[in-house]
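What the coordinates show
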Amino acid sequence: MPKVGSIPRSATVAWSPTNDHSGLLAAGTVAGAISETFDTTAHLDVFSLDLTSGGNELPLLGSLTCADRYNKITWGSKGVTDASLPYGILAAGTVNGVIQIVNPALMVAGGADPIVATIDSHTGPVRGLEFNPAVPELLASGASDSEVFITDLTNPRNPRVVSPGAKSPGPGADISCVAWNRKVTHIMASTSHNGLSVVWDLKLKKPVINFTNNNNRSQRNSVIAWNPEQATQIIVASEDDAYPFMQIWDLRNAFAPVKELAGHQKGILTASWCPQDEGLLVSAGKDNRTLCWDPSTGEVLCELPPSENWTFDVQWSPRLPAILAAASFSGEIQVHSLQDASAST
């Protein structure tokens, strides 16, 4: 999988969701890492991808210095249609529970303060964060003690935070990931460090189903992601070194997974389902491996060159086919193209 660009950062990443700015990549300094110079500052940056650069460092277009580091960032298309936010909108979840709402167009232009609003409804680190791809005003977030919230950004300067109806069922645990269903706009899922995954119906304002791995109820879930084409199919990954697997569930029967993907030797920290192709899934973990799978067969199609340290965030571009970004604690974000990738297991 050839490298087509890089960024010298340990940062969580998000791609621009718009066609006009599909080659833009945001990076927020990740919590829990420090550089060789012991720099403790935090930045939210926007970079431009040039596919002709041959793997060279991506040019920085705009930067915002922040007080706190980030666990998760996400980029939505709110405001693009009416040109009120021509680059869309960024949301950044910090270690202290604050979510920053940022105008990336102002980051690129410079001058005016790009922070549109701050949301402080959470009481702990925000690890789950995602814009609804079909309803760009809605932002889902998850943090400590089973907190899951939906923020309505119809007026971005005056966010309206609501609960989906109740706390996540079961004993309290940190929410590690949230994900909107790709086919049914009012359905969302969350998963947590206690191993419980929950599907929420926002019309009914309550959880409608929850499930867990019956073979290992104590596992720490790190990722939940919906199949981009099949509305009832979802994948859950475990960061537990004793159970480094991904499970595919079909929620028409949530008593057991339909498939288990085994290939990592240590816990999985991140996974991303390709939005253009349900036959491509990428995962990475504490074994320093980043694998690209065919989830329908469980076959590993190819492997990125191993990183020197854990890869904690992988994201497919929503607009550029077969392009993905992988961020690791080695201090580098690498952008890869699936074209011409050779199988390696």
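To be clear, the structure that these remarks concern was listed above.
Residues numbered from 1 in each chain as written. Predicted model: local features only at pLDDT ≥ 70, side-chain atom pairs only at ≥ 80, totals over all residues. Heavy atoms only, no water.

What to know about the sheet that holds strand E1 (residues 3–7)
With respect to topology, 4 strands assemble into an open sheet ordered E1-E28-E27-E26, the strand pairing being antiparallel. Two strands bound the open sheet, and with one partner strand each, they are E1 and strand E26 (311–316). Across the sheet, the mean angle from the axis of one strand to that of its neighbour is 20°, orientation sign disregarded. In terms of strand pairing, E26 meets strand E27 (residues 323–328) through 5 bridges, oriented antiparallel. Bridge assignment links Val314 to a residue of E27, and that residue is Ala326. (Pairing = 2+ DSSP bridges. Helix = DSSP H or I, 4+ residues; strand = E, 2+ residues; numbered from the N terminus. Axes fitted to C-alpha atoms, helices over the stretch in contact; angles between N-to-C directions.)

Describing the pairing of strand E19 (residues 233–238)
Counting buried positions along E19 yields 6 of 6 residues, so the element is predominantly enclosed. With burial as the criterion, each face of E19 is covered, one bearing Gln233, Ile235 and Ala237 and the other bearing Ile234, Val236 and Ser238. In terms of strand pairing, strand E18 (residues 221–226) meets E19 through 5 bridges, oriented antiparallel. By the bridge assignment, Ala225 is partnered in E19 with Ile235. Examined bridge by bridge, E19 and strand E20 (residues 245–250) share 5 bridges and lie antiparallel to one another. In the strand pairing of E20, Gln233 is matched with Asp250. (Buried < 20%, exposed > 50% of the residue type's maximum accessible area, 1.4 Å probe, protein only.)

Looking at the side chain of Arg289
Relative to the helices and strands, Arg289 is located in the loop between strand E23 (281–285) and strand E24 (290–294). Judged by relative accessible area, Arg289 falls into the buried class, the value being 15%. Within the local environment of Arg289, its side chain forms a polar contact with the side chain of Glu303, the two groups lying 2.9 Å apart. (Polar contact = N/O pair within 3.5 Å; in protein donor to acceptor, adjacent residues only side chain to side chain.)

Points about the environment of Pro156
Turning to its location among the elements, Pro156 is positioned in the loop between strand E12 (148–152) and strand E13 (160–162). Its relative accessible area of 14% is what places Pro156 among the buried residues. The sequence separation of Pro156 and Pro257 amounts to 101 residues, and the corresponding C-alpha distance is 39 Å. Leaving out residues up to four positions away in the same chain, Pro156 has contacts with Lys78, Leu85, Ile89, Val116 and Ala117. (Contact = heavy atoms within 4.5 Å.)

A few points about the nonpolar core
Membership of the largest hydrophobic core comes to 19 residues, with the highest contact counts inside it found for Trp15, Leu25, Leu49, Ala325, Ile333 and Val335. Of all the secondary-structure elements, those providing two or more residues to this core are E1, strand E2 (11–15), strand E3 (24–29), E27 and strand E28 (332–337). In this structure Leu25 touches Ile7, Val13, Ala14, Trp15, Asp45, Val46, Phe47, Trp75, Ala325, Ile333 and Val335, once residues within four positions along its chain are discounted. Among the nonpolar cores identified, the runner-up in size contains 17 residues, and Tyr70, Trp75, Tyr87 and Met107 belong to it. (Core = buried A, V, L, I, M, F, W, Y, C linked by side-chain atoms within 4.5 Å.)

A word on the side chain of His21
Checked against the element boundaries, His21 lands in the loop between E2 and E3. Classification of His21 by relative accessible area gives buried; the value is 17%. Aside from chain neighbours lying at most four places away, what touches His21 is Ser16, Pro86 and Tyr87.

Considering the pattern of salt bridges
Within the structure shown, the criterion is met by 10 salt bridges. Here Arg9 ties to Asp45 by a salt bridge, and the two come within 3.1 Å at their closest N and O atoms. Taken together, the residues span a long stretch of sequence, with Arg9 in the loop between E1 and E2 and Asp45 in strand E4 (residues 42–48) at a distance of 36 residues. The partly exposed category is assigned to Arg9, whose relative accessible area is 24%. Across the salt bridge formed by Arg160 and Asp152, the nearest N and O atoms sit 3.2 Å from each other. (Salt bridge = Lys/Arg side-chain N within 4 Å of Asp/Glu carboxyl O.)

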